[in-house]
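Spelled out from the first residue to the last, the chains are:
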Amino acid sequence: MTLEAIKYNGKLQILNQLLLPTETQYEDILSVEDGWNAIKAMKVRGAPAIAIVGVLSLAVELSPKKFESKDDLKNMIQEKLKYLTTARPTAVNMTEAANRLSTLIHVVCDDPTSTVESIRERYMQEAVDMLAKDVADNKSMGHHGAKKILQQCDAAEKVRILTHCNTGTLATAGYGTALGVIRALHELGKLERAYCTETRPYNQGARLTAYEFVHDEIPATLIVDSAVAMAMKEKKLSAVVVGADRVVANGDTANKIGTYQLAISAKHHGIPFYVAAPTTSIDLNLASGKDIVIEERSTKELTTVRGMRVAPDITCWNPAFDVTPADLITGGIVTEHGVFKPEELKDKLMGYSNKKLKSSED
């Protein structure tokens, strides 16, 4: 059985990841409000999955609705997309999708031959296409990342990879980003073992990544977050590969809290540190990591576990993400186009964008 975080066939269902690994329960998403709440509550999480669920939740709401004019439809799409970006602002994929689709719908609406129905159909098709594109991009990233890691290692030996949080099928439409790199290494028969952190406070590593490894029969070991430096010292790790919620123009990367300290420790131990991020997670509009808005979440995530209090009534600080400076990303940034050094990322991606634009004009 293939794991699916998102199911869509005209109706949208998400796997409630707060219940894993003990319960497997799919929930219907019937509206944008349902989508927003599921994203905010982290029933669905992972930057790519957030964008896909957000966009599809609007598709579900649009499907039966009647509109008086093209402008009414356009205004609703743009307003709802803007609202969806507020659920979890650090992850850039939802913002990228909202901006891209808002611009597209504006252009389509201005076409005098378009109708309410043709605009609606165009939006619905764009939303559905995100599912297949995400999987294709993830497989491409997996290939590029695996190839790069193996180039840096002894060809006769299998590799050991450490990862953080959950970046697999449960965080995407399928295959995964950083976990996709590990999956590709496993498919090549070159993975000796993956190590995953528990990833407090929501334990995405223990609950979700470990769940994926066991489900897919990938050799893996779970460690507590505070064992990372010891693992780097003792376990002969070949590389660290993590995902990203937002990579900015200079290569600084926002990812799940705890990533920054992994990067510091990896550099100390001389272990290559990679970030796997599709171009939809890369924000060239921000110059550096200091410009990234970091989401802070409820203190209850630290003081309670499934409703049971585990800490006294104390002041808490609970940032959901931290920012890893580009100079600590020593292995490179893995994208669907290849693996790039942080300092060359912007120029490389702008080159691909210009080629794509020229191709479409031809």
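Keep in mind that what you see is a predicted model, and the values were worked out from it rather than measured.

Rules behind the numbers
Residues numbered from 1 in each chain as written. Predicted model: local features only at pLDDT ≥ 70, side-chain atom pairs only at ≥ 80, totals over all residues. Heavy atoms only, no water. Helix = DSSP H or I, 4+ residues; strand = E, 2+ residues; numbered from the N terminus. Rg over C-alpha atoms; globule rule 2.2 N^0.38 Å. Contact = heavy atoms within 4.5 Å. Areas by Shrake-Rupley, 256 points an atom, 1.4 Å probe, with all protein chains shown as cover. Lys, Arg positive; Asp, Glu negative; His and termini not counted. Charge placed at Lys NZ, Arg CZ, Asp CG, Glu CD. 1 Å grid on protein atoms, 1.4 Å probe; cavity = no way out; pocket = protein on both sides within 12 Å on 5 of 7 lines; lining within 4 Å. Points joined across faces, edges and corners; volume = space filled by probe spheres on them. Nonpolar A, V, L, I, M, F, W, Y, C, P; charged D, E, K, R; others polar. Pairing = 2+ DSSP bridges. Axes fitted to C-alpha atoms, helices over the stretch in contact; angles between N-to-C directions. Salt bridge = Lys/Arg side-chain N within 4 Å of Asp/Glu carboxyl O. Buried < 20%, exposed > 50% of the residue type's maximum accessible area, 1.4 Å probe, protein only.

Observations regarding the overall build of the chain
When its secondary structure is counted, the chain shows 11 helices and 16 strands. For 362 residues, the compact-globule formula gives about 21 Å, and the C-alpha radius of gyration of the chain, at 20 Å, lands near that figure. For the chain, contacts bridging at least 24 residues in sequence account for 76% of all contacts bridging at least 6. With the model as given, the accessible surface of the chain reaches about 16600 Å², and the carbon-plus-sulfur share is 52%. A gap of 3 Å separates the mean positions of the 43 positive and 46 negative side-chain charges of the chain.

Re the layout of surface pockets
Space inside the second largest pocket adds up to approximately 360 Å³. Around the second largest pocket, the lining is made up of 13 residues, and of these Pro 201, Tyr 202, Thr 304, Val 305 and Arg 306 lie nearest the centre. Of all elements in the fold, only helix H10 (300-303) and strand S12 (304-305) reach the threshold of two or more residues within the lining of the second largest pocket. Here the residues of the lining of the second largest pocket are counted per class, giving 4 nonpolar, 4 polar and 5 charged.

Description of the sheet that holds strand S3 (residues 26-29)
Pairing is antiparallel in the open sheet, where 3 strands are placed in the order S1-S2-S3. Looking along the sheet, the strands with just one partner apiece sit at the ends: strand S1 (6-8) and S3. Taken pair by pair, the neighbouring strands of this sheet meet at an average axis angle of 25°, ignoring direction. Bridge analysis of strand S2 (residues 12-15) against S3 gives 4 bridges, and the strand direction is antiparallel. The residue of S3 that forms the bridge with Gln 13 is Asp 28. The sheet contacts of helix H2 (residues 47-62) involve S1, S2 and S3, and relative to S1 the element is tilted by about 25°.

A few points about the pattern of salt bridges
Where side chains of opposite charge bring their charged atoms close, a pairing between them can arise. Evaluated as defined, the whole model comprises 15 salt bridges. Residues Glu 126 and Arg 100 are paired through a salt bridge, measuring 3.8 Å at the closest nitrogen-oxygen approach. In this pair, Glu 126 is assigned in helix H5 (residues 116-151) and Arg 100 in helix H4 (residues 93-110), connecting sequence segments 26 residues apart. Classification of Arg 100 by relative accessible area gives partly exposed; the value is 33%.

Observations concerning the pairing of strand S10 (residues 273-276)
Burial of S10 is two-sided: the residues Phe 273 and Val 275 facing one way and the residues Tyr 274 and Ala 276 facing the other way are all buried. One ladder, built from 3 bridges, connects S10 with strand S15 (residues 332-335); its direction is parallel. When the bridges of S15 are listed, Tyr 274 appears paired with Gly 332.

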